[in-house]
2 protein chains.
Amino acid sequence: MSVSASAPGRTGTPAPGGPEDRAARVALTWLAEPGNRAVWALVEQAGAPATLDRLLSGDIPDARLRSAVSARAAAGDARRMAEIAMRRADRLGARLVVPADEEWPRRVADLATLELDTGGRINNDTRPPLCFWVRGAWPLGETLERSVAIIGARAATDYGIHVTGELASAISQDGWTVLSGGAFGIDAAAHRGALTAGGRTVAVLACGIDRPYPVGHTALFDRIADSGLLISEWPVGAEPLRHRFLIRNRVIAAATAGTVVVEAAARSGAAQTMSRVLALNRPAMVVPGPVTSAMSVGCHEILRNNPYARVVTNAAEVLEEIGRIGEYFAEIPRGPQRRHDHLDEEAALVLEALPRSGTSTPEQLAAEARLDLRTVLRRLSLLEIAGLVVRTADGVSLAPARGPSRAATG
Amino acid sequence: MSVSASAPGRTGTPAPGGPEDRAARVALTWLAEPGNRAVWALVEQAGAPATLDRLLSGDIPDARLRSAVSARAAAGDARRMAEIAMRRADRLGARLVVPADEEWPRRVADLATLELDTGGRINNDTRPPLCFWVRGAWPLGETLERSVAIIGARAATDYGIHVTGELASAISQDGWTVLSGGAFGIDAAAHRGALTAGGRTVAVLACGIDRPYPVGHTALFDRIADSGLLISEWPVGAEPLRHRFLIRNRVIAAATAGTVVVEAAARSGAAQTMSRVLALNRPAMVVPGPVTSAMSVGCHEILRNNPYARVVTNAAEVLEEIGRIGEYFAEIPRGPQRRHDHLDEEAALVLEALPRSGTSTPEQLAAEARLDLRTVLRRLSLLEIAGLVVRTADGVSLAPARGPSRAATG
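Residue numbers restart at each chain and count upward from 1, following the sequence in its written direction. Following the order in which they are written, the chains are lettered starting with A and the ligands numbered starting with 1. Local features are withheld for residues below a pLDDT of 70 in this predicted model, meaning they are given only at 70 or higher, and side-chain atom pairs are given and counted only at 80 or more; totals for whole chains, interfaces and linings count all residues. No hydrogens and no water enter the side-chain calculation; it runs on all heavy atoms of the structure.

Topic: the packing of aromatic side chains
Here is step 1 of the chain: Ring pairs are drawn from Phe, Tyr and Trp, using the six-membered ring of Trp, whenever the two centres fall within 6.5 Å, and their geometry is named by plane angle: stacked under 30 degrees, edge-to-face over 60, tilted for the rest. A complete count under the given rule lists 4 aromatic pairs over all chains for this structure.
Here is step 2 of the chain: Whether a charge sits over a ring depends on NZ of Lys or CZ of Arg being within 6 Å of the ring centre and within 35 degrees of the ring normal. Here the guanidinium or amino end of R200 of chain B rests over the ring plane of W138 of chain B, the centre of that ring lying 3.6 Å away.

In structure tokens form, the structure reads like this:
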């Protein structure tokens, strides 16, 4: 299909980041849930305004999207809804951030190539956000660049609340942003731990930022907006529908350098978030707990089911995991030589163990570098993210001299 | 060197399991600590009696062993000590079990090929036992065939004691022998849990079975000997010297189908035992605990440092791990066809994913079989133990048609 065919009456695409682009992105998130694969593909191809035209014209190849859009379109005029949302946001002191903006967080781009073999509509609609609504003074991108997510159960125990508070305080004192979902229990303890330490914290909502949910956290959300950021993909007025928390979770996984789950019940949302963290090759950290505690069952499930999920027991171990990945991101703009200088010793050993040409297997590298297999696998993920190695069907090899690849390879 | 040269005046080697062989093995464990590599190599080559002759003649290539033996020899006549030990054991109702005996436990043979890159004399003297002293009615081999070790800290918490008791009871009710080291804390809770459930339990001592240590467990040891087994590699009268617990630990790792550590302090003996369990490709299972508990620090260390160590939270998960390996051992005598029939589904998927000829990598197999990498690695270990696959420098391949290899491949 061609762009012109998909954008009747439109000549050329308006400037990304311009008023039309911004309004169209808001309208699109009102017409279809964020993360929708079909919408994202169209926006990538033709831009937001042309995509909005096309969706409203009903010329939609994807049947599921077509019915969803027609249902919403019947409920109101998408463009008008966008205008209202933007005016209401203005009055709230909230701003709209789009990919063309300086402060757009670049990590969420990794969602573009995220593939999960989990079934279900929500589970597969994991494409990047079209826009963010933001309350708070800090630039969004800079604030998320050094951020770690701390998530967990609403029905947390004193143990979980205590451990979360300690972790959040220490991590934010180290200059990292503590990000969470604003829910009761672990989420709230994470936000409060960072606030108490005078650090930055970000709450990612699954509804309009004008209607904080849970309502009991209204005061907490105001404190967060005052000293950190309150963000959401949904236009003001959007309700905290159950499925939206699952959609929101992909942003928690993708916007941060790593995610820590402190307490989780069996088969909880935390496991779903962690599957995204792992698929993105980000550090997936789990705080263990008593096997006699129902609130640690989910944590132990994640550890038993995911070879890359890592046990963490204190802030130093969390900082060790996310610190490395942080360095790698920071190093990416530099030349390979400089980047080598900044490799941690184990990563350097793995890199040295790789053949100048041809491929090797993680097990061969472990033997060669005299490291345990898990260490090799974690370093390989980081080296891959740093663009120093590439993974192929045959194994792992040194990356070609050209700039680093950032493709997610979960 | 030739056997005749190493056995002055001896013509031929006496029958293994005969009186001379038995007495020589006792004398050898009195002259040198069990597990000694040099002694074991000589016994393998020339038999126990010839090795004893040689050691007593002072013709000992290994300098460390030579000085150790001469020091002991100065303290008494090895053959006389052996006679005394055997008479005392008789009076105690204890029996000597040697490799030639029907009831010799075959799993300990895997220590013959165990290689560890950890430094230190004790850490490297991990060769198989020369003999076992046994108190109790059950046949040693049959009792250890379906056994699982449950070990941990002496200074255990109520949490650790509770979890250990629950695990030991459930595991022994499933027909498995619960083996431990007879120490205070977790060890005692494991033995008691099995006794309470009316199951079989085995205590592996690091001293003569005539002088139970700790003395406070004298009554417990008597109960264990009445309904299970009390065993030791050391002749009666041997003292519970500190280093002997580390030597003893290799037997706990090798004699069982798998080992569970419930609570452990930082850098504890449990970690040393687990490193042997992992090197033997046996299931290394760890019960997590509160990160706020000093008695769980060692458990979390083991999980963080060993990719193959597995989190277990209840008896069902332990039985899942050791049950599989148990099946595989049981299947070994059968033909490959029959063994295939008994593979668990995941192992069967891994086996199917292997190319008929040539090698594959665990990562390729994971992709091919649509299993996570850890599952593939664990199944490969079991398939390897079952002799169905072999690991080479290039990767993993199907084993040749000939009978299964039982070589440890840690």
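Still more to cover.
A look at the relation of the copies chain B and chain A
Both copies of the chain are tied together by a single rotation about an axis and a shift running along it.
Here is step 1 of the chain: Least-squares superposition aligns the copies on the C-alpha atoms of those residues with pLDDT at or above 70 in both. Aligned on chain A, chain B shows an RMSD of 0.1 Å; the corresponding rotation is 180° and the shift along the axis is 0.0 Å. Such values leave the two copies arranged in the relation of a two-fold axis. Across chain B, the rotation axis passes nearest the C-alpha of G289 of chain B, at a separation of 2.3 Å.
Here is step 2 of the chain: Mapped onto chain A, 97% of the interface residues of chain B again fall at the interface, so both copies present the same surface. Only heavy atoms enter the contact rule, under which two residues are in contact if any of them lie within 4.5 Å.

A look at the pairing of strand β6 (residues 229-232) of chain B
All names here are of chain B.
Here is step 1 of the chain: Each residue's exposure class comes from its accessible area (1.4 Å probe, protein chains only) as a fraction of the maximum for that residue type: buried when under 20%, exposed when over 50%, partly exposed otherwise. Secondary structure counts use DSSP, requiring at least four H or I residues in a row for a helix and at least two E residues in a row for a strand, with both numbered from the N terminus. Across the two faces of β6 the burial is the same, with L229 and I231 and L230 and S232 all buried.
Here is step 2 of the chain: Two strands qualify as a pair provided DSSP detects at least 2 bridges between them. With 3 bridges connecting them, strand β2 (residues 132-135) and β6 associate as antiparallel partners. Among the inter-strand pairings, V134 is bridged to a residue of β6, identified as I231.
Here is step 3 of the chain: The pairing of strand β5 (residues 201-205) with β6 spans 4 bridges and is parallel. Across the sheet, L205 pairs through a bridge with S232, a residue of β6.

Points about helix α17 (residues 345-353) of chain A
Residues and elements named next belong to chain A.
Here is step 1 of the chain: Restricting attention to buried positions, one finds in α17 the residues A347, V350, L351 and A353. One face of α17 carries all of its buried residues, which in axial projection span an arc of 160°. In this structure, α17 carries E345 and E352 as exposed residues pointing more than 90 degrees from its buried face. In this context, the arc is that of the directions from the helix axis out to the C-beta atoms.

Points about the domain arrangement of chain A
Residue and element names in this part refer to chain A.
Here is step 1 of the chain: Each domain's extent was defined by an automatic or database domain assignment. One can read the domain layout of chain A as domain 1 (19-88), domain 2 (106-322) and domain 3 (345-400).
Here is step 2 of the chain: Here domain 2 and domain 3 have C-alpha centroids that lie 30 Å from each other.
Here is step 3 of the chain: Every contact between the two is made by 8 residues of domain 2 and, on the other side, 7 residues of domain 3.
Here is step 4 of the chain: When two components associate, each loses some accessible surface as probed by a 1.4 Å sphere; the sum of these losses over both components is called the buried area. Broken down residue by residue, the surface that domain 2 buries against domain 3 is led by N281, Y308 and R310, which jointly contribute 67%.
Here is step 5 of the chain: Salt bridges are identified by distance alone: a Lys or Arg side-chain nitrogen within 4 Å of an Asp or Glu carboxyl oxygen. Linking domain 2 to domain 3 there are 0 salt bridges.
Here is step 6 of the chain: We call two N or O atoms a polar contact when they sit within 3.5 Å, provided that within protein one can donate a hydrogen and the other can accept it, with sequence-adjacent residues counted only if both atoms are side-chain atoms. Linking domain 2 with domain 3 are 0 residue pairs in polar contact (both at pLDDT 80 or more).

So, the pattern of salt bridges
Residues and elements named next belong to chain A.
Here is step 1 of the chain: What the rule picks out here adds up to 42 salt bridges over all chains.
Here is step 2 of the chain: R37 serves as the salt-bridge partner of E115, at 3.2 Å between the closest nitrogen and oxygen. Pair noted here: E115 is in the loop between β1 (95-97) and α7 (121-124) and R37 is in helix α3 (residues 37-46), with a separation of 78 residues, a long-range link.
Here is step 3 of the chain: Note that R267 is salt-bridged to E301, the shortest N-O span being 3.7 Å. Pair noted here: R267 is in the loop between β7 (259-261) and α13 (269-279) and E301 is in helix α14 (residues 297-305), with a separation of 34 residues, a long-range link.
Here is step 4 of the chain: In this structure R267 comes out as exposed when scored by relative accessible area, which is 71%.
Here is step 5 of the chain: Through salt bridges with shared partners, a single network forms among R37, E115 and R127.

Observations regarding the nonpolar core
Here is step 1 of the chain: F132 and V261 of chain A together with F132 and V261 of chain B are the most contacted members of the largest nonpolar core, which totals 74 residues.
Here is step 2 of the chain: Residue contacts for F132 of chain B: discarding those within four places in its chain leaves R95, L96, V97, W104, P105, V108, L140, I231, S232, E233 and V251 of chain B.
Here is step 3 of the chain: We call a set of buried residues a nonpolar core when its members are Ala, Val, Leu, Ile, Met, Phe, Trp, Tyr or Cys and they connect through side-chain atoms within 4.5 Å of each other. Residues V43, V69, A89 and I209 of chain B belong to the second largest nonpolar core, which totals 40 residues.

Thoughts on the sheet that holds strand β2 (residues 132-135) of chain A
Residue and element names in this part refer to chain A.
Here is step 1 of the chain: Here 9 strands make up an open sheet; going across it, the order is β1-β2-β6-β5-β4-β3-β7-β8-β9 and the pairing mixed. Every interior strand has two partners, whereas the edge strands, β1 and β9 (310-311), have only one.
Here is step 2 of the chain: Bridge count between strand β3 (residues 147-151) and strand β4 (residues 177-180): 3 bridges; the pairing is parallel. Within β4, the residue paired with A149 across the bridge is L179.

Some thoughts on the side chain of R127 of chain A
Here is step 1 of the chain: Following the sequence through the fold, R127 of chain A ends up in the loop between α7 and β2.
Here is step 2 of the chain: In this view, R127 of chain A contacts G35, N36, R37, W40, L111, A112, T113, L114, E115 and R250 of chain A; residues no more than four positions away in its chain are not counted.

Digging into the interface of chain B and chain A
Here is step 1 of the chain: Tallying the contact residues gives 33 residues for chain B and 33 residues for chain A.
Here is step 2 of the chain: Across the interface of chain B and chain A, roughly 2800 Å² is buried in total on both sides, 57% from carbon and sulfur atoms.
Here is step 3 of the chain: Three residues, V291, R304 and E363 of chain B, lead the burial of chain B against chain A; their summed loss comes to 26% of the area buried on that side.
Here is step 4 of the chain: At the boundary of chain B with chain A, the tally comes to 4 salt bridges.
Here is step 5 of the chain: Here E320 of chain B ties to R304 of chain A by a salt bridge, and the two come within 3.3 Å at their closest N and O atoms.
Here is step 6 of the chain: Counting the contacts that link chain B with chain A gives 10 residue pairs in polar contact (both at pLDDT 80 or more).

As for the sheet that holds β2 of chain B
Residues and elements named next belong to chain B.
Here is step 1 of the chain: If you trace the 9 strands from one edge of the open sheet to the other, you get β1-β2-β6-β5-β4-β3-β7-β8-β9, paired in mixed fashion. Each having just a single partner strand, β1 (95-97) and β9 (310-311) make up the two edges of the open sheet.
Here is step 2 of the chain: Seen against the sheet, helix α14 (residues 297-305) touches β7 (259-261), β8 (284-286) and β9 and runs at an angle of roughly 135° to β8. Each axis is a line fitted through C-alpha atoms, taken for helices only over the stretch in contact, and angles between the N-to-C directions span 0 to 180 degrees.

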